[in-house]
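Results of the structural survey
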Amino acid sequence: MSRIQGTNSMRIKTKDMAYAALMAVLLAACSWLSVPAAVPFTMQTFGVFCALLILGGRLGTVSILVYILLGAAGLPVFSGFRGGLSVLLGPTGGYIAGFLICGLWCCLVEKHMHKLPMLIAGNLLCYAFGTAWFVIVYSAAGKAVSVAGAVMTCVVPYMVPDAAKLALALYLSGRIKKYVFPKAAEGSAESTQK
């Protein structure tokens, strides 16, 4: 009996690892769809939202961490097909690290908050961390940049596109999740009918 339970437990862990790896690949693909700018316009936030909505806070955060570690190891998973610590330590690296902060936030509050405000707050945390990092890196390089200037450059232009990516992720994740985790989707459908 315990051997069967151990096998089922191993399958669940293997399945979870496969899902996390697939989401890390999705994040990489989303980062390659980019428009160059001070902070490149990418689909990364869409990938982050999908990972957290489909896999949940814990496993979604694992997939974000895997993505960041792949990039830190030098694989070209970041925007512009770049990789390495230089990207993470550069001016826009704080936004990539901010994805992980967003995931950790979702781990903490996903059982207590509705999905939409949870992800909006997580994205705001990502903006805050990334903007602070942007200002620190530019200041360390001897370039003067104010927080207000950084917000106008690095946050304001991205707010509407990120809202659209969040809406798309909410729509698609509901449809995808019923195929990835069919029992969980059935349970949530039953709870909404009561």
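Right above here is the structure, for reference.
Residues numbered from 1 in each chain as written. Predicted model: local features only at pLDDT ≥ 70, side-chain atom pairs only at ≥ 80, totals over all residues. Heavy atoms only, no water.

**Some words on the pattern of salt bridges**
We apply this condition: Throughout this description, the term salt bridge denotes a Lys or Arg side-chain nitrogen within 4 Å of a carboxyl oxygen of Asp or Glu. Secondary structure elements follow DSSP: runs of H or I no shorter than four residues count as helices, runs of E no shorter than two count as strands, and numbering proceeds from the N terminus. For the exposure calls, accessible area comes from a 1.4 Å probe over protein chains only, and a residue counts as buried if that area is under 20% of its type's maximum, exposed if over 50%, partly exposed in between.
For the structure shown, the criterion picks out two salt bridges. Among the salt bridges present, the one from Arg-58 reaches Asp-16, with a minimum N-O distance of 3.9 Å. Taken together, the residues Arg-58 in helix 2 (residues 44–72) and Asp-16 in helix 1 (residues 2–32) connect sequence positions 42 residues apart. Overall, the relative accessible area of 55% leaves Arg-58 in the exposed class.

**Focus on the environment of Asp-162**
Stated precisely, the cut-off is as follows: Here, residues are in contact when the closest pair of their heavy atoms is within 4.5 Å.
Secondary-structure assignment places Asp-162 in helix 7 (residues 156–180). Of the residues examined, Asp-162 reaches a relative accessible area of 5% and is grouped as buried. Ignoring anything within four residues of it in the chain, the contact list for Asp-162 reads Thr-45, Phe-49, Asn-123 and Tyr-127.

**Some remarks on the nonpolar core**
The condition that has to hold: Throughout this description, the term nonpolar core refers to a set of buried Ala, Val, Leu, Ile, Met, Phe, Trp, Tyr and Cys residues connected via side-chain atoms within 4.5 Å.
Counting residues in hydrophobic clusters, the biggest one holds 35 residues, and the most contacted among them are Val-48, Leu-52, Ile-64, Tyr-67, Phe-78, Ile-96 and Leu-119. Listed by contribution, the elements that provide at least two residues to this core are helix 1, helix 2, helix 3 (85–89), helix 4 (93–109), helix 5 (115–140) and helix 7. With 13 residues, the top contributor of residues to this core is helix 2. Not counting chain neighbours up to four residues away, the residues in contact with Ile-64 comprise Leu-27, Val-48, Leu-52, Phe-99, Leu-100 and Gly-103. Residues Tyr-95, Phe-134, Ala-150 and Cys-154 belong to the second largest nonpolar core, which totals nine residues.

**Some words on the packing of aromatic side chains**
Put simply, the rule reads: Aromatic rings from Phe, Tyr and Trp, with only the six-membered ring used for Trp, were paired whenever their centres fell within 6.5 Å, and each pair was classed as stacked if the ring planes differed by under 30 degrees, edge-to-face if by over 60, and tilted otherwise.
On inspection of all chains with the given rule, the structure shows four aromatic pairs. Aromatic side chains Trp-32 and Phe-81 sit 5.1 Å apart centroid to centroid with 20° between the ring planes, which places their arrangement in the stacked category. In this pair, Trp-32 is assigned in helix 1 and Phe-81 in the loop between helix 2 and helix 3, connecting sequence segments 49 residues apart. Overall, Trp-32 belongs to the partly exposed group, its relative accessible area being 35%.

**Some words on the environment of Ser-79**
Following the sequence through the fold, Ser-79 ends up in the loop between helix 2 and helix 3. The exposure class assigned to Ser-79 is buried, which follows from its relative accessible area of 7%. For the pair Ser-79 and Gln-44, spaced 35 residues apart in the sequence, the C-alpha separation amounts to 8.7 Å. Filtering out sequence-adjacent residues up to four positions away, Ser-79 remains in contact with Ser-31, Ser-34, Pro-40 and Thr-42.

**What about a nonpolar patch on the surface?**
Condition: Two distance rules govern patches: like charges are joined within 9 Å, and nonpolar side chains (Val, Leu, Ile, Met, Phe, Trp, Tyr) within 5 Å, applied only to residues with over 30% relative accessible area and no salt bridge. All accessible areas in this document rest on Shrake-Rupley with a 1.4 Å probe, and a residue is counted as covered only by the protein chains that are shown.
Judged by side-chain polarity, Val-62, Val-66, Leu-70 and Leu-75 come together as a nonpolar surface patch covering roughly 260 Å² of accessible area. With respect to the helices and strands, Val-66 occurs in helix 2.

**As for empty space enclosed by the protein**
Rolled over the atoms, a probe sized like a water molecule indicates the empty space that remains. The cut-off we apply is this: Of the grid points, spaced at 1 Å and generated over the protein atoms alone, those admitting a 1.4 Å probe that cannot get out make up cavities, while open sets with protein on both sides within 12 Å along at least five of seven lines make up pockets; any residue with an atom within 4 Å of a point is treated as lining. Grid points are joined across faces, edges and corners, and a volume is the space filled by probe spheres set on the points. Three categories are distinguished: nonpolar for Ala, Val, Leu, Ile, Met, Phe, Trp, Tyr, Cys and Pro, charged for Asp, Glu, Lys and Arg, and polar for the others, with Gly belonging to the last.
Using the criterion set out here, one finds one cavity of 30 Å³ or more in the structure. Val-39, Pro-40, Gln-44, Tyr-95 and Phe-99 are, among the 20 residues lining the largest cavity, the residues nearest its centre. Secondary structure elements with two or more residues in the lining of the largest cavity: helix 2, helix 4, helix 5 and helix 7. Its residues placed into classes, the lining of the largest cavity shows 11 nonpolar, six polar and three charged.

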